[in-house]
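So the chains spell out like this:
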Amino acid sequence: HISWTSTYIIFAVNGLGNADKVAARLLKNQEDIGNAVKPIYGAAAGDKLTALLKDHILIAGDLVAAAKAGDADKARAAETKWYANADEIAIFLSGANPNWPKKDLQSLLSAHLGLTKSEAVSLIMNDPVGYTEARDKGHAHILMMSDALADGIIKQFPKKFRK
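Rules of the game
- Residues numbered from 1 in each chain as written.
- Predicted model: local features only at pLDDT ≥ 70, side-chain atom pairs only at ≥ 80, totals over all residues.
- Heavy atoms only, no water.
- 1 Å grid on protein atoms, 1.4 Å probe; cavity = no way out; pocket = protein on both sides within 12 Å on 5 of 7 lines; lining within 4 Å.
- Points joined across faces, edges and corners; volume = space filled by probe spheres on them.
- Helix = DSSP H or I, 4+ residues; strand = E, 2+ residues; numbered from the N terminus.
- Polar contact = N/O pair within 3.5 Å; in protein donor to acceptor, adjacent residues only side chain to side chain.
- Contact = heavy atoms within 4.5 Å.
- pLDDT = per-residue confidence, 0-100.

### Observations concerning empty space enclosed by the protein
In this structure the tally under the stated criterion is two cavities of 30 Å³ or more. Computed from the structure, the largest cavity encloses a volume of approximately 50 Å³. Lining the largest cavity are Ile-2, Thr-5, Ser-6, His-112, Leu-115, Thr-116, Glu-119 and Gly-138. Sort the elements by how many residues they give to the lining of the largest cavity and helix H5 (residues 102-124) lands first, with four residues.

### Section: the side chain of Arg-135
Along the chain, Arg-135 falls in helix H6 (residues 128-156). One polar contact links Arg-135 to Ser-6, side chain to side chain, over a distance of 3.0 Å. When near neighbours in sequence (up to four residues on either side) are disregarded, Arg-135 contacts Ile-2, Ser-3, Ser-6 and Glu-119.

### Comments concerning the confidence of the model for the protein
Confidence along the protein averages 95 in pLDDT terms, with 99% of residues attaining 70 or more. The least confident element of the protein, judged by mean pLDDT, is helix H1 (residues 2-13) at 93; the most confident is helix H4 (residues 72-96) at 97.

Encoded structure:
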């Protein structure tokens, strides 16, 4: 997820050709994530997660475009919408698994958004050091986040996993 997100940010911020194709691949990744949870939580839950995650990406694209254009009002509106979407994701996931407390998920997702925003801002400001630091922190954070999500699934369905 973060690899495709970073690739999209690089293409979008730098005006590289085929940013739309990178965005399409990033959106496909959200389908892959939704499909990955279907065997555990069912098709409806996987589809709902896919929809929430696609919104996550589309809103982020709007935020990057507004920030790149220097439109502070549109950027602020997109960022507000982005964080609201993260709250929706946290509510949805915490409803699916009691081992994922809503506040914990909100905190994890908020940190993820902050790090992703730092990547984009660093690129817009032509700050490769800031970009690299944000990218590295974002990578470490998403690994921790994925471990927390996996641990929650294992706790919820211990018979489905070997010790």
